[in-house]
Amino acid sequence: MKNSIRIERAIKNITQADLAELIGVSRQTINTIESNRYVPSTVLALKIARVFGKPVEEIFNLEDTD
Amino acid sequence: MKARFLFPYWCKFLGIGLFLVHLPVMLLKKQLGFDGAPAGDSIFNSNHSFFMITTLTMLSGLVLIAFSKERIEDEQITQLRMDTLQLSIYLNYVVLIISLAFTNRNDFWDVMRVNMWAPLMFFILLFRWKLYRNNSIIKDDAA
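Residues numbered from 1 in each chain as written. Chains lettered and ligands numbered in written order. Predicted model: local features only at pLDDT ≥ 70, side-chain atom pairs only at ≥ 80, totals over all residues.

As annotated in an unreviewed UniProt entry, chain A carries the name Helix-turn-helix transcriptional regulator and comes from Mucilaginibacter humi.

Okay, here's the thing in C-alpha cells:
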C-alpha cells in the first residue's frame, strides 16, 4: 500500500513529530508508515486522514501486489 | 490495537533493578554457601529457598523488562513486539532442540535451567535491537 503522507505533511507544513503528536503515536511509527514499512490499522489511517482533512483513499492507495 | 496485557512503563525499571540485584547474588553463591541448584532430596531447606528466591527475582525481573509498555506504546510497537515474540520463541526452540540432541542425562537439567530464562532473554535482546534499528533509520532519514 502506498501513501502520500510525506506530500500532505509538506503541504500542511508539519513535521513527523507534529503529526505523531496530533494522532498520539510515536515518531517512529509515522516514519515507518511513510516509508511503507508498516501498514497502519484502519483507526490510525482514519486519524491521519482527519488531520489532513481528506478522505482515506486520497492518502492511502492499494498497489497491484496488495 | 490496545496492548491489554502489558505492565506500566515504570515496571521496566523495577525489572532492571530486580535483575541487577539477582546478578551479584548468583555470582557469589558459592561464597555465600549455596550451590544454587533446585531442591535435592527435600524441599524448603536453605538451598532450595535460595534457589527459589534468586530464580523468582531473576524471572520476575526479566518478565517485567520484557512486558512493560514503552514510553509511547502504539500499534506499530505492539506489532513489532508480537513479531519479535514469535521469532524469539522459534529461536528458543531451535536452540533447545539442538541442545537436547547433543545432551546426555547429566547435562539435561542444565539445558532446562538455561531454558527457564532463554526465551525471555532472546525476546528482550531482539526487541531492543529492532527498536534501536527503527531509531537509527529515523536518524538516517533526518540526516
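Give a detailed account of the overall build of chain A, specifying residues and quantitative values.
Of the regular secondary structure elements, chain A holds five helices and two strands. Helices (α) and strands (β) of chain A occur, in sequence order from the N terminus, as β-α-α-α-α-α-β. Scaling as 2.2 N^0.38, a compact globule of 66 residues should have a C-alpha radius of gyration of about 11 Å, and chain A matches this with 11 Å. Principal axes of the C-alpha set define a box for chain A whose edges measure 30 × 20 × 20 Å. Sorting the 66 residues of chain A into buried and exposed places 23% on the buried side. (Helix = DSSP H or I, 4+ residues; strand = E, 2+ residues; numbered from the N terminus. Rg over C-alpha atoms; globule rule 2.2 N^0.38 Å. Buried ≥ 20, exposed ≤ 12 C-beta atoms within 10 Å, placed from the backbone.)

Go over the packing of helix H2 (residues 16-23) of chain A against helix H4 (residues 42-52) of chain A with me, naming the residues and quoting the values.
Residues and elements named next belong to chain A. At a minimum axis separation of 10 Å, H2 and H4 run at an interaxial angle of 115°. The interaxial crossing formed by H2 with H4 has right-handed handedness. Within the contact between the two elements, H2 uses Leu19, Leu22 and Ile23 and H4 uses Leu44, Lys47, Ile48 and Val51. Among the residues forming the contact of H2 with H4, the class breakdown is six nonpolar, no polar and one charged. (Axes fitted to C-alpha atoms, helices over the stretch in contact; angles between N-to-C directions. Left-handed = near helix turned anticlockwise from the far one by under 90°. Contact = placed C-beta atoms within 7 Å. Nonpolar A, V, L, I, M, F, W, Y, C, P; charged D, E, K, R; others polar.)

Tell me about unusual backbone geometry, and please be specific about residues and values.
All names here are of chain A. With phi around 60°, Asn13 is a residue other than glycine that occupies positive phi space. Turning to its location among the elements, Asn13 is positioned in the loop between helix H1 (5-12) and H2. Residue classification places Asn13 among the exposed positions, given that 7 C-beta atoms sit within 10 Å. Its identity as a non-glycine residue notwithstanding, Asn36 has a phi of 60°, on the positive side. Along the chain, the position of Asn36 falls in the loop between helix H3 (27-34) and H4.

How would you explain the interface of chain A and chain B if you had to name every residue and give the values?
At the junction of the two partners, chain A supplies ten residues and chain B supplies eleven residues. For the side of chain A that touches chain B, the element with the highest residue contribution is H3(A), accounting for five residues. Residues of the side of chain A that touches chain B, tallied by class, amount to three nonpolar, six polar and one charged.

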